[in-house]
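# Summary of the model geometry
For reference, the chains in residue letters:
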Amino acid sequence: MSDHGRQSFTDKASAALKPDSEKSTTEHFGDKLKGKSDSAASTLQPESEKSTSQRVGDTFSSNSNNDQPSLTQKAKNAVGLGNNN
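Remember, predicted model here, so these are calculated numbers, not experimental data.

## Regarding the environment of serine 2
Of note, serine 2 is situated in the segment before α1 (9–17). A relative accessible area of 17% means that serine 2 is categorised as buried. Counting along the chain gives 49 residues from serine 2 to serine 51, while the straight-line C-alpha distance between them is 7.9 Å. In this structure, serine 2 is in contact with Gln7, Ser8, Phe9 and Gln54, ignoring residues within four places of it in sequence.

Have a look at this one:
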C-alpha cells in the first residue's frame, strides 16, 4: 500500500505494463504528470516518515531521495541497457 498523497503501486504497474503504442496522448500525458508528481512527493517526504512498503516501492521505481541508482537501474546497467547511473 502506498503512502497518502502518493501514486498507488497498482497505477504505477498498470502504466508500466501497458505498451506505449497502445496508449492515447492523454494517457501518455497523465502518466508523465503522475510520475513527476510522485517523484516530487518522494523527494519531499523524508525517508524516516515513509512506510516500509513505500520505501520498497520507491527503491524499485527509483523514487528514493538519495543518490543511489534503483535496483531496476542497476540491473539495466549490468546488462548494458542503462546509462550507468
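## Focus: the side chain of arginine 6
When you line up the elements, arginine 6 lands in the segment before α1. A polar contact of 3.4 Å, which involves the side chain of arginine 6, links it to the side chain of glutamine 45. Of the polar contacts made by the side chain of arginine 6, one reaches the side chain of aspartate 58; its length is 2.6 Å.

## Regarding the pattern of salt bridges
Applying the stated criterion across every chain, the model contains seven salt bridges. Here arginine 6 ties to aspartate 38 by a salt bridge, and the two come within 2.7 Å at their closest N and O atoms. Residue arginine 6 is found in the segment before α1, and its partner aspartate 38 is found in helix α2 (residues 25–44); the two are separated by 32 residues along the sequence. The same class applies to arginine 6 and to aspartate 38, which are both buried. One salt bridge connects lysine 12 with aspartate 38, and the closest N-O pair in it is separated by 2.8 Å. A residue pair is termed long-range when its members are at least 10 positions apart, and lysine 12 in helix α1 and aspartate 38 in helix α2 qualify at 26 residues.

Conventions used here
- Residues numbered from 1 in each chain as written.
- Predicted model: local features only at pLDDT ≥ 70, side-chain atom pairs only at ≥ 80, totals over all residues.
- Heavy atoms only, no water.
- Helix = DSSP H or I, 4+ residues; strand = E, 2+ residues; numbered from the N terminus.
- Buried < 20%, exposed > 50% of the residue type's maximum accessible area, 1.4 Å probe, protein only.
- Contact = heavy atoms within 4.5 Å.
- Polar contact = N/O pair within 3.5 Å; in protein donor to acceptor, adjacent residues only side chain to side chain.
- Salt bridge = Lys/Arg side-chain N within 4 Å of Asp/Glu carboxyl O.

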